[in-house]
Amino acid sequence: MNTDKIHLSIEQVYALSLDVLSRNGFSPEHASAIARTITAAQRDDCQSHGMYRLIGCVRTLQSGLVSPSALPVITHPTAAVVQVDAQRAYSLLAFQEGLPHLVEKTRRNGVAVLAINNCFHFSALWPEVEAIAQHGLAAVAMTPSHSWVAPAGGTRPVFGTNPLAFAWPRPGPYPYVFDFATSMVARGEIELHRRTGRPIPQGWAIDAEGRPTTDAAAGMAGAMLTFGSYKGSALSTMIELLAGPLIGDWTSMQSQAFDAGKGGAPLHGELLIALDPDILGRGMAPANAQAAEAMLDAINGQGARLPSERRFKARAKSEEEGLWVGRALHDEILSLAGT
Ligand code: NDP
Ligand code: PYC
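Residues numbered from 1 in each chain as written. Chains lettered and ligands numbered in written order. Predicted model: local features only at pLDDT ≥ 70, side-chain atom pairs only at ≥ 80, totals over all residues. Heavy atoms only, no water.

So, the site of ligand 1
Around ligand 1 sit 23 residues, and of these Ser123, Asp179, Ala181, Ala186 and Arg310 come closest. Take Ala186: an N or O atom from its main chain is 2.8 Å from an oxygen atom of ligand 1. Here an oxygen atom of ligand 1 and a backbone polar atom of Arg311 are 3.2 Å apart. In the complex, the protein chains occlude 74% of the 910 Å² of accessible area that ligand 1 would expose alone. Mapped onto the shell around ligand 1, the elements with two or more residues apiece are strand 8 (176–180) and helix 12 (309–321). In terms of residue class, the shell around ligand 1 is made up of 11 nonpolar, seven polar and five charged. (Near = heavy atom within 4 Å. Polar contact = N/O pair within 3.5 Å; in protein donor to acceptor, adjacent residues only side chain to side chain. Areas by Shrake-Rupley, 256 points an atom, 1.4 Å probe, with all protein chains shown as cover. Helix = DSSP H or I, 4+ residues; strand = E, 2+ residues; numbered from the N terminus. Nonpolar A, V, L, I, M, F, W, Y, C, P; charged D, E, K, R; others polar.)

Right, here's the structure in full:
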C-alpha cells in the first residue's frame, strides 16, 4: 500500500475542490467554474495547475485581492469581438460566459476574438482551447502573468511565464492541442520542485545575482529564463502586447507592481482567437481536414508524439481508475477546508 499518496475518484477531486473554494467564500458560480478546471488538470496529470492551485486561490482570496463573487460583464464592440470584464474575479467564469458568444461570432465571421479583461488568472489554457475545438473551430489563447522571466540576453524579470495554447479540431474524441509557458517551464513547476526539495535543471532560472542556479528558491527569487533563447523571448513579448496593451489590459510588470509583494495570482487580460475552417477553407473543408490528418500522422508515424498525448492518456486512466494525490498536498488542502 502507498502511504505517501491518497487515491481519489475524479468526482472526489471535484467535490473536495468545490468544498474548499465554497468554505473560503467563493460564490457558487465561481467555485464551480474554478473547481471544474482544477479537477480537469488533476485528472490529466497536469500537476503544476491541478489541486495544488487551490492553495494559491485561497491565499489570493485571503489577501483581499480577488473578488469571490463579481459577475462578468459582457460587451460586443463589433460583430467579431466579444469583450468580457471579469471585474477582478478569476478568469474562468468570464471564459465560460464568453464562450457561446465567441463560437457564434466565429461561425458568422470566420474569425472572432474573445478578450477577457481585469481577471485574476491561475489556470492552464488547454481546457479553453479544447472547449473551442469541440465546436469544430481552431483556437489560439495567450495570457501574461507576473513579471518573473528575464528576456534573452538580460538578467532582470520583464515577462510573465506567458502561456501560448493552440487547438485544432480532429475526428475522434481529442483535438490536436499544445499549451506551454514561454518560460522554460511554468512557475508552478519550479514551485513544486521547491515544495518537495528537488533541484531544478540548469537553464530554468538564474539567481538574484544573475548566476545560473539549480536551487528552486534561488531561481524564484532571481529570474526564470525563456525557452528557445531569443525565440521564446520574442513570443513572450508578443503575448505581453496582444493580451496586454492591445486589449486595454496590463502587462506582467503592471500585474507584479499591483500585487506589491502579497504573493497573489496575477491580474491582467487574456486573448482568445477562434477560426472557422468551414469558412476559411475555400469550400474544401473535408479535403483540408484530410491533409491536416496526414501531416499529424506523419509525426506519429515516425514514433514522435503529439503534444497532449500524455495528457489524454492520463485522462483515460483517471476516468478508468481514479488518480493519486500526494498525502502532504491532500492534508494541506483538507486544512484549507477547515477539516
Ligand atoms: P511543458 O514544458 O510540459 O509543455 C507543455 C506542452 O508541451 C504540452 O502540450 C505537452 O503535452 C507538450 N509536450 C511536453 N513534452 C512533449 C514531448 N516530448 N513531445 C511533444 N509534446 C510535448 O509545460 P509548461 O510548464 O510549459 O506549461 C504547463 C502548463 O502551465 C500549461 O498548461 C500552461 O497553460 C500553464 N501555464 C499557465 C500560466 C498562466 O498564466 N495561466 C503561466 C504559465 C503556464 P502533454 O501535456 O501531453 O505532456
Ligand atoms: O505556473 O507560471 C505559472 C503560472 C502563472 C500563473 C498561473 N500559472
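Some words on the site of ligand 2
Taken together, His49, Arg53, His121, Phe122, Trp148, Thr161, Ala186, Arg187 and Gly188 make up the full set of residues adjacent to ligand 2. Thr161 places a polar side-chain atom, nitrogen or oxygen, 2.7 Å from an oxygen atom of ligand 2. Contact with the protein chains covers 91% of the free accessible surface of ligand 2, which is 250 Å². Residue classes in the shell around ligand 2 are distributed as three nonpolar, four polar and two charged.

Thoughts on the nonpolar core
Formed by 35 residues in total, the largest nonpolar core has its most connected members in Leu21, Phe26, Ile34, Met51 and Tyr90. Contributions of two or more residues to this core are made by strand 1 (5–8), helix 1 (10–23), helix 2 (28–43), helix 3 (53–62), helix 4 (91–109), strand 12 (323–326) and helix 13 (327–336). Once you skip the residues sitting within four places of it in the chain, Leu21 turns out to touch Phe26, Ala31, Ile34, Ala35, Leu54 and Cys57. One finds Val82, Leu114, Ile116 and Ala141 within the second-largest nonpolar core, a separate group that totals 31 residues. (Core = buried A, V, L, I, M, F, W, Y, C linked by side-chain atoms within 4.5 Å. Buried < 20%, exposed > 50% of the residue type's maximum accessible area, 1.4 Å probe, protein only. Contact = heavy atoms within 4.5 Å.)

Re the layout of surface pockets
In this model, the second largest pocket occupies a volume close to 600 Å³. Lys5, Gln47, Trp324, Val325 and Gly326 are, among the 23 residues lining the second largest pocket, the residues nearest its centre. Those elements giving two or more residues to the lining of the second largest pocket turn out to be strand 1, helix 2, helix 6 (187–195), helix 12, strand 12 and helix 13. Split by residue class, the lining of the second largest pocket holds eight nonpolar, seven polar and eight charged. (1 Å grid on protein atoms, 1.4 Å probe; cavity = no way out; pocket = protein on both sides within 12 Å on 5 of 7 lines; lining within 4 Å. Points joined across faces, edges and corners; volume = space filled by probe spheres on them.)

Regarding the sheet that holds strand 4 (residues 111–120)
The strands making up a sheet are joined through hydrogen bonds of the backbone, oriented either antiparallel or parallel. Taken in spatial order, the seven strands make up an open sheet running 2-3-4-11-5-7-8, and their pairing is mixed. Each having just a single partner strand, strand 2 (73–78) and strand 8 make up the two edges of the open sheet. If you compare each strand with its neighbour and ignore which way they point, the axes differ by 15 degrees on average. Judged from the five bridges that link them, strand 7 (residues 164–168) and strand 8 form a sheet pairing that is antiparallel. Note that in strand 8 the partner of Phe166 across the bridge is Phe178. (Pairing = 2+ DSSP bridges. Axes fitted to C-alpha atoms, helices over the stretch in contact; angles between N-to-C directions.)

Points about the environment of Leu242
Looking at where Leu242 falls in the secondary structure, it is placed in helix 8 (residues 230–242). A relative accessible area of 27% places Leu242 in the partly exposed class. Sequence separation between Leu242 and Met142 is 100 residues; the distance between their C-alpha atoms is 8.3 Å. Every residue in contact with Leu242, bar those within four places of it in the chain, is listed here: Met142, Ile247 and Leu271.

Side note on the packing of aromatic side chains
Evaluated as defined, the whole model comprises 10 aromatic pairs. Between Phe166 and Phe178, the ring centres sit 5.8 Å apart and the planes meet at 35 degrees, which makes this aromatic pair tilted. Remark: Phe178 occurs in strand 8 and Phe166 occurs in strand 7; sequence separation between them is 12 residues. Ring centres of Tyr176 and Phe178 lie 6.4 Å apart, and the angle between their planes is 80 degrees; on these two criteria the pair is classed as edge-to-face. Each member of the pair, Tyr176 as well as Phe178, is classed as buried. (Phe/Tyr/Trp six-rings, centres within 6.5 Å; stacked < 30°, edge-to-face > 60°.)

A look at the pattern of salt bridges
In this structure the tally under the stated criterion is 15 salt bridges. Taking the shortest distance from any N to any O, the salt bridge between Glu104 and Arg108 comes out at 2.7 Å. Of this pair, Glu104 and Arg108 are both found in helix 4, four residues apart, which corresponds to roughly one turn of the helix. Shared partners join several salt bridges into a network, and the residues in it are Arg43, Asp44, Glu130, Arg311 and Arg315. (Salt bridge = Lys/Arg side-chain N within 4 Å of Asp/Glu carboxyl O.)

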